[in-house]
Amino acid sequence: MSTSSVSKGCFVFKPSAKKKKTLSLEDHFTRGCEAGENSETRFKLCQDLWDKIKTNTEVLQDELNRNILDSLLDFTRKCSSTRQHSDWASQMRASEIPTAALVLGVNVPDHDMTFQSLSDLLQQSVTPHVASVQAKECGALKHLMKRVLERLMDAVVTVDDEDEEEAEQSSAQLHKSVHCSLSTLCDWYSTKTKKSATPGKKRSSAVGDDLQQPPVVIIFKDLEAFNPKVLQDFIHICSRYIEHLPLMFIFGIATSPSTIQHMLPHSVSSLLCIELFQSLSCTQHLATVIDKLILTYHFPFKLNGKVMQVLISIFLYHDFSVRNFIKGIQLALLEHFHTQPLSILCCKKKEALLNVMQLSHTDLETIRQLPSFKRYVEKQEAQEQVSLFTDDAHLKEVCQKLIKDLHKYHKNYYPILRCVHTLTSTLPRYPLGKQIRELHLICLEKNVWENEDYQSAMKLVKMLAKDELITLLQKCVEILQSAKAKKMKAALVQLEDMLAKFKQLDTVAAEHPPSEEESLTSPVKNLQKKTDLFQLQKTLLEMNESRRSKKLSPFEVLRNEALEFIDSLVKSHLSPPESQTLYEVCYYTSSATVRRHLNATPRTSIQAALSSPYYYLQNESLKTEDGTVSNAAPDICIAYKLHLECGRLINLYDWLEAYATVVSAAEGNNPDSDNFGKVDEVKHARFIRAVSELEFLGFIKSTKQKTDHVARLTWGGC
């Protein structure tokens, strides 16, 4: 870049604008991916599988919320139609605002999805005038009024004490600005309804066709978080305009309906006509998601017991969020396809069989190193073992057979799991768990039939009445009818035969009732006579012997036969997945990774960063070998290191002098000079800032025991 000019001057050469290269999702996936030669195929499989899971999840959540959303839609239609007819005054006072109290539960992360579905349905079928507000954006009454008007009117709303420049800028953007008051909203609504009621004008949608005055719905997403005073004032103002504006409220409640009574005094709550709506509990929601997404062979990707336990523990002990539970499944899915080269076989059976033939020699060597495959090889003959370790073509054929067996295992596993759960879920004290996920976790860990709880459950099933047992077996028949595996079809035929025999027992019992002489044994008759102690002892021994030698009734024989058949199915099909060869292809097992990503420990990360700043800043001057902090480290790292050397109470002056000494050494000052370690204004200010940051992070706090001391809040020494 040069110029030629007669006169001297300054020439500016602008650099050529280079577009930043944005990485695609596939590029992010392939970076650091294990066995990168098939990373593209694995990324496509992962994306397709997640899209399928996501779609099914959304459909499932819509079905679960369908009842509560339909009830809310009916409520809004009823209130709106009642208001437009003459019976409005008889149904409620003119100053009452129809209010739906929607109790959603403490799974707050899931509420946004529910409210979004509710808002969309209201706009599609009831009214176009819907506004949703949250407490964090409505700290004062003017902010609440402003948000409501902006979202209903799609205009800039100015407040009296608002900065004029900001109002002018926002007005210039949207080309219209209105005053923040409900009278403005009334005028706007009146204009809107007149336009929609103009004769001869075709409507663009069917929204509000049957309503000349569609309601204005305001949704308070998180009622508990709102300032009670702000909410009370807003309700008071709205009640004054209810005759001119068909307002309706929807309160999103996470805890209990009594929250409304605690937040609103009677003078305010009397202005509302409240109807309660209870949504499905989050535990029921989770049970349905697990049943449809995890306990099915339609999705080849699986979680082992430890990963499942981590996700369920986070759900039960942290947030009760089904949405976060599904995100955990997404994380495990991504990690599995990113770190496991053989995840290319984690797909449908036909596609997996084709992918087996495309495996490279490196992939086949990875298969040979799998623990499950080594166990399989050990059971084979010597010649077969040699072929499996040396012949790649033969190994591919064997892998195809093993993949088929793995898919058959899943097809047989889940129907039998549901049958066992059906038989044991209603037993006293729930020996195998009340939820099917509890039984599933037991089966993932070890052989369930070796569990003591399983043995006790089978004993309790033997004590069931005939009617109860027949009902449970009928449910098992229904489960097996929906199964597609050949072995399940054969099991279905046997179970149906047993059920037919159970029903025949009633017919036989009705035709041949037992006689009184047969029902009353001779030892019992002898007990009714007068006898001495020796004769009583003899009679009791005879009764005990007769009870032991007593033949089983036809029902008991058939009951034992049915339970033995169920037990044989359990032992055949409910073995843990680790017992299956090549289970590593489909099962994700790194529970530590899931826990680290989902159950974060920020305090541990902060302490690691302050103790080892080199690994975060990548500055060579901060690198130390003995684990100590360099004197060239940031001020907060030096202050943190020094505070670890102190006791429970830290003298601020001593701390400051130690800090000044370390900083002076970092600046290269001569230790023998008079100014070495001297506290000047700059060092003092830097120290104060470092101490303030440590206090903000929660490592120290001020104490009233000594005015020039702070209390340490961390454990351990340096």
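Our structure's up above, just so we're on the same page.
My aim in this report is to walk through the structure given alongside it, one point at a time. Given the structure is predicted, the values throughout are model-derived calculations rather than measurements.

A separate point is the sheet that holds strand β6 (residues 247-253). Here we have five strands laid out as an open sheet, ordered β2-β5-β6-β1-β7, and parallel in their pairing. Looking at the sheet topology across the chains shown, the edges are occupied by β2 (130-133) and β7 (272-278). On average, each strand axis in the sheet is tilted by 20 degrees relative to the strand beside it, whichever way the strands run. As judged from the four bridges shared by β2 and strand β5 (residues 216-220), these two strands associate in the parallel manner. Note that in β5 the partner of Ser132 across the bridge is Ile219.

Glancing now at helix α16 (residues 371-378). Along α16, the residues classified as buried are Ser372, Phe373, Tyr376 and Val377. Buried residues along α16 cover an arc of 140 degrees about the axis, so they all sit on one side. The inward-facing, buried residues of α16 abut α15 (361-368), α17 (382-390) and α18 (392-424).

Time to look at a positive patch on the surface. On the surface, a cluster of positive charge is contributed by Lys349, Lys350, Lys404, Lys408, Lys486 and Lys487. Elements supplying a minimum of two residues to the positive patch: α14 (349-357), α18 and α22 (486-511).

Here we come to the pattern of salt bridges. Pairing between side chains becomes possible if they bear opposite charge and their charged atoms approach one another. Under the defined criterion, the tally for this structure stands at 12 salt bridges. Here Arg66 and Asp70 are joined by a salt bridge, their closest N and O atoms 4.0 Å apart. On the criterion of helical spacing, the pair formed by Arg66 and Asp70 is a turn pair, its members being four residues apart in helix α2 (residues 39-84). Classification of Asp70 as partly exposed rests on a relative accessible area of 31%.

Next up on the list: the sheet that holds strand β11 (residues 700-702). Reading across from one edge, β10-β12-β11 is the order of the three strands in this open sheet, with antiparallel pairing throughout. The open sheet has two free edges, formed respectively by β10 (649-651) and β11, since each of these has just one partner strand. Here the strands of the sheet are splayed against their neighbours by 40 degrees on average, with no regard to which way each runs. Of the strand pairs in this sheet, β11 and strand β12 (residues 709-712) are connected by three bridges, and their pairing is antiparallel. Looking across to β12, one finds that Lys701 is bridged to Ala711.

Here is what the cut-offs are and how they apply
Note that residues are indexed from 1 along each chain, following the sequence as it is written. Local features are withheld for residues below a pLDDT of 70 in this predicted model, meaning they are given only at 70 or higher, and side-chain atom pairs are given and counted only at 80 or more; totals for whole chains, interfaces and linings count all residues. Excluded from the side-chain calculations are hydrogens and water; all other atoms, namely the structure's heavy atoms, are used. Strand pairing is defined by DSSP finding a minimum of two bridges between the two strands. To qualify as a helix, a DSSP run of H or I must reach at least 4 residues; to qualify as a strand, a run of E must reach at least 2; elements of each kind are numbered from the N terminus. Each axis is a line fitted through C-alpha atoms, and for a helix only the stretch in contact is used; angles between axes span 0 to 180 degrees, taken between their N-to-C directions. Partly exposed residues are those whose accessible area sits between 20% and 50% of the maximum for their type, while under 20% is buried and over 50% is exposed, using a 1.4 Å probe and protein chains only. Here the arc refers to the set of directions running from the helix axis out to each C-beta atom. Whether two residues are in contact is decided by their heavy atoms, any of which lying within 4.5 Å being enough. Like-charged residues within 9 Å of one another, or nonpolar side chains (Val, Leu, Ile, Met, Phe, Trp, Tyr) within 5 Å, are grouped into patches, provided each residue has over 30% relative accessible area and no salt bridge. Note that accessible areas follow from Shrake-Rupley with a 1.4 Å probe, and for residues the cover is restricted to the protein chains shown. By definition here, a salt bridge exists when the distance from a side-chain nitrogen of Lys or Arg to a carboxyl oxygen of Asp or Glu is within 4 Å. Only four residue types enter the charge count, namely Lys and Arg as positive and Asp and Glu as negative; His and the chain termini do not. Note on charges: their place is set at NZ of Lys, CZ of Arg, CG of Asp or CD of Glu.

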